Amino acid sequence: TADFGNLAASAFTNCCAAGLTPGAQGNITNDPRFVSASNANYRLASGSPCRDTGLYQAWMRTALDLDGDARVGLGLVDRGAYEAFGSRGALFRIE
């Protein structure tokens, strides 16, 4: 079982972690697919279930992630402390 210290699993919302109830309070239990958790790189890898599935809040419109990048990309927000921008697909501007 997961150890959340002094917090109950019900204290978590919109998280991605083993030990939480899938679907409860927006949580998922899939592997978050970090770039390299063993090297403390908790950025989301391509194909992570946490990409573009975060809960958007109005304050995020102008907020920055831990890398100093915009918190919201393409109108969507990732779960976690870093916003992933690569490998979402190509953007084209047609004039």
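As the structure is a prediction and not an experimental result, all values here were calculated from the model. (Residues numbered from 1 in each chain as written. Predicted model: local features only at pLDDT ≥ 70, side-chain atom pairs only at ≥ 80, totals over all residues. Heavy atoms only, no water.)

## A word on the pattern of salt bridges
Put simply, the rule reads: Basic side-chain nitrogens of Lys or Arg form a salt bridge, by our definition, when they fall within 4 Å of a carboxyl oxygen of Asp or Glu. Helix and strand definitions here come from DSSP, where helices need a minimum of 4 consecutive H or I residues and strands a minimum of 2 consecutive E residues; each element is numbered from the N-terminal end. Buried residues are those whose accessible area, probed at 1.4 Å on protein chains only, stays under 20% of the maximum for their type, while exposed residues exceed 50% and partly exposed ones sit between those limits.
What the rule picks out here adds up to 2 salt bridges. Here Arg 43 ties to Asp 67 by a salt bridge, and the two come within 2.8 Å at their closest N and O atoms. Note that Arg 43 is positioned in strand E2 (residues 41-44) and Asp 67 in the segment after E2, a separation of 24 residues in sequence. By relative accessible area, Arg 43 is classed as partly exposed at 30%. With relative accessibility at 39%, the residue Asp 67 sits in the partly exposed group. Between Arg 71 and Glu 83 there is a salt bridge, with the nearest N and O atoms lying 2.8 Å from each other. Note that Arg 71 is positioned in the segment after E2 and Glu 83 in the segment after E2, a separation of 12 residues in sequence. Assigned by exposure class, Arg 71 and Glu 83 land together as buried.

## Examining the side chain of Ser 48
Put simply, the rule reads: A 3.5 Å cut-off defines polar contacts: any pair of N or O atoms within that distance qualifies, except that in protein one atom must be a possible hydrogen donor and the other a possible acceptor, and neighbouring residues in sequence count only when both atoms are side-chain atoms. By the convention used here, residues are in contact when the closest approach between their heavy atoms is within 4.5 Å.
Checked against the element boundaries, Ser 48 lands in the segment after E2. Take Ser 48: its relative accessible area is 6%, and that puts it in the buried class. In this structure the side chain of Ser 48 is engaged in a polar contact, spanning 2.4 Å, whose partner is the backbone oxygen of Pro 32. When neighbours within four sequence positions are excluded, Ser 48 is seen to be in contact with Pro 32 and Arg 33.

## Side note on the pairing of E2
Cut-off, in case you're wondering: One bridge is not enough; two strands pair if DSSP finds at least two bridges between them.
In this sheet, E2 lies alongside strand E1 (residues 34-36) in antiparallel orientation, the contact comprising 2 bridges. Note on E2: the bridge partner recorded for Phe 34 is Leu 44. Connecting E1 to the next strand, E2, in antiparallel fashion are 4 residues, including Ala 40 with a positive phi near 60°.

## As for the packing of aromatic side chains
What counts here: Two rings from Phe, Tyr or Trp (for Trp, the six-membered ring) form a pair when their centres sit within 6.5 Å of each other. Planes less than 30 degrees apart are called stacked, planes more than 60 degrees apart edge-to-face, and all others tilted. Geometrically, a charge over a ring is one whose NZ (Lys) or CZ (Arg) sits within 6 Å of the ring centre while staying within 35 degrees of the ring normal.
In the structure shown here, the tally under the stated rule is 1 aromatic pair. On the numbers, 5.2 Å between centres and 85° between planes, the contact of Phe 34 with Tyr 42 is edge-to-face. Judged by relative accessible area, which is 32%, Phe 34 ranks as partly exposed. Stacked on the ring of Tyr 82, the Lys or Arg Arg 43 has its end atom at 4.3 Å from the ring centre.

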